Amino acid sequence: MINRRTFASRALTASLAASLAPQLFSNTSPNNTANVRLGFIGVGGRGTGLLKTLLEMEGVQFPAICDVLEKNLTAALDLVEKSGRPRPEAYQRGPYDFQRFLKRDDLQGVIIATPWRWHIPMSIAALDAGKAVACEVGPANSTGECWDLVRAAESSNTPCMILENACYRRNMMALLRMVREGLLGEVVQCRGGYLHDLRKRIVLGKGTGVTLPTGGDYRTRQNQIRNADIYPTHGLGPLAQILDINRGNRFVSLTAHATKSRGLQSWTQRNLPSDHPAHKYDWAMGDIVTSTIECQNGENILLTHDCALPRPKSFDWQVQGTQGIYNEVADGIHVEGRSPGHRWEPFDSYQSEFEHPVWQQYLKIGVRGGHDGADFLELSAFVEALRQKRPVPLDVYDMASWRAIAPLSEQSIALGGQPVPFPDLTNGKWMNRKPSFGIA
Ligand SMILES: NC(=O)c1ccc[n+]([C@@H]2O[C@H](COP(=O)([O-])OP(=O)(O)OC[C@H]3O[C@@H](n4cnc5c(N)ncnc54)[C@H](O)[C@@H]3O)[C@@H](O)[C@H]2O)c1
């Protein structure tokens, strides 16, 4: 069923295909809307949002969906049916039913939007079954798991994409263009992070009612058992593009420090009745975790995880080079020889001049979907990569190395802030791989 909106999406997807990552799409017809058959594992808040965005695209079918929670699963099946597509087959026989789901032979790709600890095991199982993976963001459980992920993608020769929508944000794509065109000179340091007051969400959990083998809500549980940067990829993803990580550059070592843990207890004492079980929780996580990552080409990245204290939300992005600096909190840029004095200029005044070609096209046709339109772009990139049998733009090396920040920061903190070597998850391939993300 094609309505005006899906028709516009089809045109948009096709026209964006060439510029999202032209090396992925250049040899194909922009009118190619061959069916792409996707499955879902996990259709909670985020999975449902991704599903709604994908339902906007013509030629994307959903033969099956897997979730342990009947309410979420049924709502997702209904959404697909209401879009005019056949009702997907349901998989809901417990937390390991995804293994049965992955035996289907009609799925080209799988979107994974489950709690964090499942992401990499589910991705590996999907790759082993020959299904392309688009996986949500989160931490790795261990660096060994990151290696297993890379090996699964390499041995199956199957695409694996991290759904890091921050890379597709309008300001960060314009900034990427500015850096590539030399506006800031040679970049020497980047800063970013996930700075989001999640105290209520962490202490009380999300209330999905699912009791999983780890027990409890994933954010609650991870804050109880880990002292690490457990949400590194939103802050890091766009910076990794700016620094050509895994494509001519790489992370070499990491040092991390954590503050004391006070924010969650303090919030609990002031907001929950004295008989609430949260008063007895132990929190392993320091309120602010700061990691410094050294890069092969001499830059460093300062990454912050700050979710247990009152504050406005921020990604804290800053990119500083020999000729200028961008700062997200100031929403400003300063370019030597162009900006007056030593003052910030509004970033907006540079945005249109340096609008990324992907966004130039996207704005013409109409921005849609979650996260200011970034979700539609990331999912289009995955769908087009499958349709045209090309590599995905944010690939398994990105997913493995970005998520490895969690266990590596955990190790460094446990060692009193000592540097830990960053494993080269590309196994030397970073030396010959070329930057590709969003290059027109
Ligand atoms: N990129 C973004 O901007 C963004 C935004 C929100 C959430 N996320 C990420 O999306 C992921 C999911 O978050 P959420 O908020 O949707 O969580 P959620 O708890 O709402 O949804 C998780 C879903 O997975 C299901 N599930 C759990 N274990 C399962 C299993 N073993 N097999 C099948 N289904 C299982 C649950 O029943 C639930 O429906 C997280 O990794 C989160 O970090 C990303």
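One can find the structure itself at the top, above this paragraph.
Scoring rules and cut-offs
- Position numbers for residues count from 1 along each chain, tracking the sequence in the order it is written.
- Side-chain atom pairs in this predicted model are given and counted only at pLDDT of 80 or more, local residue features only at pLDDT of at least 70, and totals for whole chains, interfaces and linings cover all residues.
- Heavy atoms from the whole structure form the basis of all side-chain values; hydrogens and water molecules are not counted.
- In this text, helices come from DSSP runs of H or I with a minimum length of four residues, and strands from runs of E with a minimum of two, each type numbered from the N-terminal end.
- To get the radius of gyration, use the C-alpha atoms; to get the globule rule, take the number of residues to the power 0.38 and multiply by 2.2 Å.
- Exposed residues in this analysis have more than 50% of their type's maximum accessible area, buried residues have under 20%, and partly exposed residues fall in between, with area computed by a 1.4 Å probe over protein chains only.
- Residues are treated as being in contact if the distance between any of their heavy atoms lies within 4.5 Å.
- Areas reported as accessible are Shrake-Rupley estimates using a 1.4 Å probe. Residue values count occlusion only from the protein chains shown.
- Following DSSP output, two strands are said to pair if at least two bridges run between them.
- Think of each axis as a best-fit line through the C-alpha atoms, taken over the contacting stretch in the case of a helix, with angles from 0 to 180 degrees between the N-to-C directions.
- Note on terminology: a nonpolar core comprises buried Ala, Val, Leu, Ile, Met, Phe, Trp, Tyr and Cys residues joined through side-chain atoms within 4.5 Å.

Visitor: Outline the overall build of the chain, listing residues and values.
Guide: Across its full length, the chain holds 17 helices and 15 strands. The C-alpha radius of gyration computed for the chain amounts to 21 Å, which stays within 12% of the reference 22 Å derived for 440 residues, consistent with globular compactness. Overall size of the chain, expressed as C-alpha extent along the three principal axes, is 60 × 60 × 40 Å. Residues classed as buried in the chain amount to 57% of the 440 residues present. In the chain, of all internal contacts separated by at least 6 residues, the share reaching a separation of at least 24 is 75%. Working note: accessible area of the chain is about 17,700 Å², and carbon and sulfur atoms make up 50% of it.

Visitor: Break down the sheet that holds strand S5 (residues 132-135) for me, citing the residues and quoting the values.
Guide: If you trace the 6 strands from one edge of the open sheet to the other, you get S3-S2-S1-S4-S5-S6, paired in parallel fashion. Edge positions in the open sheet fall to strand S3 (89-91) and strand S6 (160-162), since each of these has one partner strand only. Across the sheet, the axes of successive neighbouring strands diverge by a mean angle of 25°, strand direction being ignored. When strand S1 (residues 36-41) meets strand S4 (residues 109-112), the two strands line up parallel, connected through 4 bridges.

Visitor: Which residues make up the nonpolar core, and what are the values?
Guide: Nonpolar side chains in soluble globular proteins tend to end up buried together. Ranked by size, the top nonpolar core spans 129 residues in total, and within it Leu38, Ile111 and Tyr168 carry the most contacts. Residue contributions to this core peak at 9 residues, all from helix H15 (residues 374-387). Apart from residues no more than four positions distant in its own chain, Ile111 is found in contact with Leu38, Gly39, Phe40, Ile41, Leu50, Leu54, Ala134, Leu163, Leu379 and Phe382.

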